[in-house]
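# Tertiary structure, described
Residues per chain are reported as follows:
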Amino acid sequence: MKINLISDTVTRPTPEMLQAMFAAEVGDDVFRADPTVNALEEKAAQLFNKPAAIFCPSGTMTNQIAIKVHTQPLDEVICDHYSHIYQYETGGYAFNSGVAMNLLQGTNGKIEADQVAAAIKPLYDWLPVSKLVVLENTCNKGGGSYYTLNEILPIRDLCQRRGLKLHLDGARLFNALIETEETTQDVGDHFDSISICLSKGLGAPVGSLLIGESEFIRQARRFRKVMGGGMRQAGYLAAAGIYALDHHVNRLKEDNDHAKLIGETLEVCPLVSQVRPVKSNIVIFDLQTPHTAEKILARFEEKGVLASAFGPHTIRFVTHLEVTADMIAKTQKVIREILG
Ligand SMILES: *Cc1c(COP(=O)(O)O)cnc(C)c1O
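Because the structure is predicted, anything quoted here is derived from the model rather than measured.

## Considering the sheet that holds strand β6 (residues 165-170)
An order of β2-β8-β7-β6-β5-β3-β4 is seen for the 7 strands of this open sheet, with the pairing classed as mixed. Every other strand in the sheet has two partners, leaving β2 (52-56) and β4 (100-104) as the edge strands with one partner each. Sheet twist, expressed as the mean angle between neighbouring strand axes with direction ignored, is 20°. Where β2 and strand β8 (residues 208-212) come together, 5 bridges link them in antiparallel fashion. Across the sheet, Ala52 pairs through a bridge with Gly212, a residue of β8.

Next up, the structure:
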């Protein structure tokens, strides 16, 4: 069997999760009549100490809706240049919301309050209006780097003083919280809106949640509908999400620890020029030139290990719940054979 480290999105529901889905009570969620979706939304809101939440098909949709509700056309969003909302959402910020991006050069995808302060534009007719700051936690392209609350607080203070909204792209937030030992309530208290993915490390097949104030979520419901995200008997998917939040959060530590083992193995390989600091379940590393990701990945595949290219000379491994300790040991062995 191949060891699939392409992404933590490749997981399939466990038998127990499938059982929960099979047993779900459902209704038409466009009429707010799906009890399981309602239960998931309530659960998510409570987790983050916010009044409301909305279940969406993807994290791209939750982020896009958040940008849409928080901004007007000709506003701008301030974020790190590695951000998913900038890199991997098809330029949707411009298409859906008519906003500009003000990109900061952070450290492994993390930005600081003084950078944000310097980026906020004065109110001139000829400039976009700085309206929203987006933090990504963990940061995918940053190699799974994460923020602590102490790092977030000064940014939050600044946003409040300057009248900017703060959104969290928390696709892999739980991989961060398992390391920092901070709570979802702590997070909820310091963001205007939060997006989390159920379909990444948490292991659900589909779905993300957007969490925020009641009026924010009321508007989000309209934008979800116009984006085509109003689902009917979505309770089957929501049941997987509830199961994931109940059973798959604490085990993320294992994924993070597995990634560290891979990172340590890569660190001493002569064909590797640099490994981004391994903080959670993502490992990104650069190859010595002239080695290309494409060729090296083909060799990994021959040996039963799948990973993805993150640039011409850059490779990404992601650990997840289908990856066992044995598979990590095998992966380390293959890494030593190919890159050692
Ligand atoms: C995966 C991901 C998303 C959302 O992706 P979808 O595939 O649309 O669910 C958003 N932000 C980050 C950082 C991600 O890694």
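## Things to note about the pattern of salt bridges
Side chains that differ in sign of charge can pair as their charged atoms come close. If you walk through the whole model with that rule in mind, you get 18 salt bridges. Glu213 is paired through a salt bridge with Lys50; the nearest N and O atoms lie 3.6 Å apart. Linking Glu213 in the loop between β8 and α10 (214-226) with Lys50 in the loop between α2 (35-47) and β2, this pair joins segments that are 163 residues apart in sequence. In this structure Glu213 comes out as partly exposed when scored by relative accessible area, which is 41%. Lys303 serves as the salt-bridge partner of Glu337, at 3.0 Å between the closest nitrogen and oxygen. You can see Glu337 sitting in helix α14 (residues 325-339) and its partner Lys303 sitting in the loop between α13 (293-302) and β11 (305-306), a full 34 residues away along the chain. Judged by relative accessible area, Lys303 falls into the partly exposed class, the value being 35%. Taken together, the salt bridges that share partners define one network made up of Glu179, Lys253, Asp257 and Lys260.

What counts and what doesn't
Residues numbered from 1 in each chain as written. Predicted model: local features only at pLDDT ≥ 70, side-chain atom pairs only at ≥ 80, totals over all residues. Heavy atoms only, no water. Pairing = 2+ DSSP bridges. Helix = DSSP H or I, 4+ residues; strand = E, 2+ residues; numbered from the N terminus. Axes fitted to C-alpha atoms, helices over the stretch in contact; angles between N-to-C directions. Salt bridge = Lys/Arg side-chain N within 4 Å of Asp/Glu carboxyl O. Buried < 20%, exposed > 50% of the residue type's maximum accessible area, 1.4 Å probe, protein only.

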